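Summary of structural features
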Amino acid sequence: MALAVVHMALVGALGLKLMVDRARLPRAWARTAPYDPSLPIRGRYVRLRLQVPIAGAPSAAGLDPVRGVRLREAGGRLVAEVDDSSGRPTARWQPGQGSAVLSEPVVYFIPEHAADPSVRPTGEQLWAEVTIPPHGPLRPIRLGVWKDGQLNPLDLR
């Protein structure tokens, strides 16, 4: 019984920490490149690589294709700044596009009955809202669809 109480306290403390982080830390939307939508051992999820614009994107000439980046929120969007000393996730530079794809994917778990949100019709893009912690991986909050110049959160319940 004591072990169950300790386990519940640990899980509750982690849940509380994540809720406080979600309320306190910056959050931002980023375009995604989904892949690997299901793994039977872990349940249903969408694995997402985030595509982010590079703030003050320099010319691609002479850039190493894999860079360290520092992530921040700007106008509700996730933005990367080239910073090889930051220790933040690395990104693969997309020459000519002024953007990068983060090498560390995020995983968003979806309900068993929900349709796979990564399968989008032509003209729609899947986006993810993430919490930006000072250290560690980004934490996905919810998914949304960009269509006709507007971002609308998805209801996957």
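As a starting point, this report considers the structure included with it. (Residues numbered from 1 in each chain as written. Predicted model: local features only at pLDDT ≥ 70, side-chain atom pairs only at ≥ 80, totals over all residues. Heavy atoms only, no water.)

1. Some details on the pairing of strand β7 (residues 99-102)
Burial along β7 is two-sided: Ser 99 and Val 101 and Ala 100 and Leu 102, pointing in opposite directions, are all buried. With 4 bridges joining them, strand β6 (residues 90-94) and β7 adopt antiparallel strand pairing. Counted as the bridge partner of Trp 93 is Ala 100 from β7. (Buried < 20%, exposed > 50% of the residue type's maximum accessible area, 1.4 Å probe, protein only. Helix = DSSP H or I, 4+ residues; strand = E, 2+ residues; numbered from the N terminus. Pairing = 2+ DSSP bridges.)

2. So, the environment of Val 130
Mapping Val 130 onto the fold places it in strand β9 (residues 125-131). Of the residues examined, Val 130 reaches a relative accessible area of 0% and is grouped as buried. When residues no more than four places from it in sequence are discounted, the contact partners of Val 130 are Pro 26, Arg 27, Ala 28, Leu 50, Leu 78, Leu 138, Arg 139, Pro 140 and Ile 141. (Contact = heavy atoms within 4.5 Å.)

3. Overview of the nonpolar core
Counting 25 residues, the largest nonpolar core has Leu 48, Leu 50, Leu 71, Leu 78, Leu 102, Leu 138 and Leu 143 as the members making the most contacts within it. Where this core is concerned, the elements lending two or more residues are β1 (27-35), β3 (43-53), β4 (66-74), β5 (77-82), β6, β7, β8 (106-109) and β9. In terms of residues, this core owes the most to one element, β3, which gives 4 residues. (Core = buried A, V, L, I, M, F, W, Y, C linked by side-chain atoms within 4.5 Å.)

4. Quick word on the pattern of salt bridges
In this structure the tally under the stated criterion is 9 salt bridges. For the salt bridge of Arg 139 with Asp 21, the shortest nitrogen-to-oxygen distance reads 2.9 Å. Here Arg 139 is found in strand β10 (residues 139-147), whereas its partner Asp 21 is found in helix α1 (residues 2-24), with 118 residues between them in sequence. The class for Arg 139 is partly exposed, based on a relative accessible area of 26%. Among the salt bridges present, the one from Arg 27 reaches Glu 129, with a minimum N-O distance of 3.1 Å. Highlighted residues: Arg 27 in strand β1 and Glu 129 in strand β9, separated in sequence by 102 residues. Relative accessible area serves as the criterion here: at 33%, Arg 27 is assigned to the partly exposed category. Taken together, the shared-partner salt bridges in this structure form one network comprising Lys 17, Asp 21, Arg 24 and Arg 139. (Salt bridge = Lys/Arg side-chain N within 4 Å of Asp/Glu carboxyl O.)

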